[in-house]
Amino acid sequence: MSNFGDKAATLVQDISQSEKGTIPPYNDELVRAVVDESNEHHRSILRLIGDIQEQGTSLDAAAPEDAAAILVHHQAVLRNKRALLVYLNERADRVRALRWEVGTALPEDLGESLSHSERGYFQQYSALVNRYQGRRGGVGINITLDPTPPKEHKVQVRVLQERGELVTRDGTVDLAKNTVHLLWRDEAQPLITEGVVEMVV
Amino acid sequence: MSRYFDIDSFLAEQTRVPVVFNSGCTGLGKEMDKMCQTRDLPMGEEVELPFWLVPKLFEQNMVGPKMPDCFDERVWQVVEAEPKNVPLRDFNPHFFEFGARFTELLRDEELHEQLEKAFTARYSKLLVGAALSTSEFKDRHLLSREEEKLLDAGRDSMKAFHDWKYSTTEKLTVAHTVKANKKRRAGGAYGSNQRRAMGDNLTNRV
């Protein structure tokens, strides 16, 4: 029974078991461990090749047991590489989806779950989407609004978190806790996705 | 290569397969077999390897794979007797995915047929569960990962169809990520205060 690739499997399991659409904290420790393990395999391969050359045999004529050992180490490195790529790729997908869910501002507690590079990735992806939506060189419309076709222009919302005054197209609204307001849909949507207000049907 | 990034495909390959080494393995005695006394793995030793290691070694004729536990004789006896009520995920959570990869490697016609039969027998139940009932599918614990994904896909499309046909008013909801984080932080205390004050709401027309 071999333990090769077990750490890699734990890493992928980590993201596989998380709830859909959420981002679990970046597992820096395990990622490092998998990289270290791969380096260890690399050293083993070099050692084996060195041993073979020391005996004076060419690599083509190496004993089958040496060849098997090198192959095992090599496969283990490829497996670890795949695990890291699967892990990072899945996270990158979810980070991109975040831009469409929560908008341009990364919620503080969520930012803690991302690695430094992932935060940078989010900022840059967000900037790209903004540029596409912009008036200059872009389509000039907010494409993240209304994922489903709206029926009404206005929606009724109840305030869940104290937010002070909000300036809207029709004037200012005092977002005091537990008050109910009728807002323009496009103005209400960011507040709803952030969880500041909830929709009343 | 799209399967390369697939999480379930990756995890399916973690299944352990018993193999016999046709050649030895230098320096990996302890790593492959805890009971091994020598530094090198001797020839003809039987060990369990994760599936991802097997194809390349098999290609070079360095190992001979044997039937893994999840496709054991006893398993098939149960599956063939009552295919619809067997908890396949207890044998292997990726029963069909792993089975497909394994038969592909060994070109095992018999196993291939057994898998296909088991899947077709179970599929009808899955289809009914997805399309006709909206209540919780009560036999979820019997399903393998592949079947679960099929069920959920069927469910989602039925729901989308339903929403479209009866065009229920869309409701905007809080983002998944925000909700999950809140749950983690507040641990349930959140929400009780707001409910209390619901009666004396002010309605402001803007």
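Predicted model only: the values in this text are computed from it and were never measured. (Residues numbered from 1 in each chain as written. Chains lettered and ligands numbered in written order. Predicted model: local features only at pLDDT ≥ 70, side-chain atom pairs only at ≥ 80, totals over all residues. Heavy atoms only, no water.)

### Describing the overall build of chain B
- Helix and strand content of chain B: 10 helices and four strands.
- Relative to its 206 residues, chain B shows a buried fraction of 41%.
- Pairs at least 24 apart in sequence give 63% of the contacts found in chain B among residues at least 6 apart.
- As displayed, chain B offers around 12,500 Å² of accessible surface, 55% of which is attributable to carbon and sulfur atoms. (Helix = DSSP H or I, 4+ residues; strand = E, 2+ residues; numbered from the N terminus. Buried < 20%, exposed > 50% of the residue type's maximum accessible area, 1.4 Å probe, protein only. Contact = heavy atoms within 4.5 Å. Areas by Shrake-Rupley, 256 points an atom, 1.4 Å probe, with all protein chains shown as cover.)

### What to know about the domain arrangement of chain A
- Taken as a whole, chain A is organised into domain 1 (6–133) and domain 2 (154–199).
- The C-alpha-based centres of domain 1 of chain A and domain 2 of chain A are spaced at 42 Å. (Domains from an automatic or database assignment.)

### Examining the confidence of the model for chain B
Residue and element names in this part refer to chain B.
- When pLDDT is averaged along chain B, the result is 79; 81% of the residues meet or exceed 70.
- By mean pLDDT, strand S4 (residues 203–204) is the weakest element of chain B at 35, and helix H1 (residues 7–12) is the strongest at 92.
- Note that pLDDT drops below 50 for residues 188–206; the model gives that stretch 24 contacts with residues more than four away or on any other chain.
- As a predicted assembly, this complex carries a pTM of 0.78 together with an ipTM value of 0.75. (pLDDT = per-residue confidence, 0-100.)

### Describing unusual backbone geometry
All names here are of chain B.
- Although it is not a glycine, Asn61 adopts a positive phi angle of roughly 60 degrees.
- By the element assignment, Asn61 lies in the loop between helix H3 (54–59) and strand S3 (63–65).
- Not every positive phi belongs to a glycine, and Arg107 is a case in point at roughly 55 degrees.
- Checked against the element boundaries, Arg107 lands in the loop between helix H6 (95–106) and helix H7 (109–131).

### Regarding the side chain of Glu148 of chain B
Residues and elements named next belong to chain B.
- Here Glu148 is to be found in helix H8 (residues 145–165).
- One polar contact links Glu148 to Arg89, side chain to side chain, over a distance of 3.1 Å.
- Setting aside anything within four residues of it in sequence, one finds Glu148 in contact with Arg89, Arg140 and Leu143. (Polar contact = N/O pair within 3.5 Å; in protein donor to acceptor, adjacent residues only side chain to side chain.)

### A look at a nonpolar patch on the surface
- A surface patch of nonpolar side chains, about 480 Å² in accessible area, is lined by Trp100, Tyr132, Val139, Ile141 and Ile143 of chain A.
- The residue Val139 of chain A is located in the loop between helix H5 (116–133) and strand S1 (154–159) in this model. (Patch = residues over 30% accessible without salt bridge, like charges linked within 9 Å, V, L, I, M, F, W, Y side chains within 5 Å. Salt bridge = Lys/Arg side-chain N within 4 Å of Asp/Glu carboxyl O.)

### A look at the nonpolar core
- Within the largest apolar cluster, 39 residues are counted, with the highest numbers of intra-cluster contacts made by Phe21, Cys25, Met32, Leu49 and Phe71 of chain B.
- Only helix H3 (64–102) of chain A together with strand S1 (16–21), strand S2 (46–50), H3, helix H4 (73–81), H6 and H7 of chain B provide two or more residues apiece to this core.
- Discounting residues that sit within four places of it in the chain, Phe71 of chain B has contacts with Trp76, Phe95, Phe98, Gly99, Phe102, Leu111 and Leu115 of chain B. (Core = buried A, V, L, I, M, F, W, Y, C linked by side-chain atoms within 4.5 Å.)

### Comments concerning the sheet that holds S2 of chain B
Residue and element names in this part refer to chain B.
- Read across the sheet, three strands follow the order S2-S1-S3 without closing on themselves; strand pairing throughout is antiparallel. If you trace the sheet from one side to the other, it starts and ends with S2 and S3, each paired once. When strand polarity is set aside, the average angle formed by the axes of neighbouring strands in this sheet is 45 degrees.
- Sheet analysis places S1 next to S3, joined by three bridges and oriented antiparallel. Paired with Phe21 across the two strands is Val63, which belongs to S3. (Pairing = 2+ DSSP bridges. Axes fitted to C-alpha atoms, helices over the stretch in contact; angles between N-to-C directions.)

### Details of the UniProt feature "domain: DNA replication complex GINS protein PSF1 C-terminal" (unreviewed entry) in chain A
- Within this numbering scheme, the UniProt entry marks residues 151–199 of chain A as carrying the feature "domain: DNA replication complex GINS protein PSF1 C-terminal" (unreviewed entry).
- As annotated, residues 151–199 of chain A has a helix share of 20% and a strand share of 49%, and its two end C-alpha atoms lie 14 Å apart. (UniProt positions renumbered as here; feature names shortened; annotations may be inferred.)

### Describing empty space enclosed by the protein
- Tallied over the entire structure, the rule returns one cavity of 30 Å³ or more.
- Computed from the structure, the largest cavity encloses a volume of approximately 60 Å³. (1 Å grid on protein atoms, 1.4 Å probe; cavity = no way out; pocket = protein on both sides within 12 Å on 5 of 7 lines; lining within 4 Å. Points joined across faces, edges and corners; volume = space filled by probe spheres on them.)

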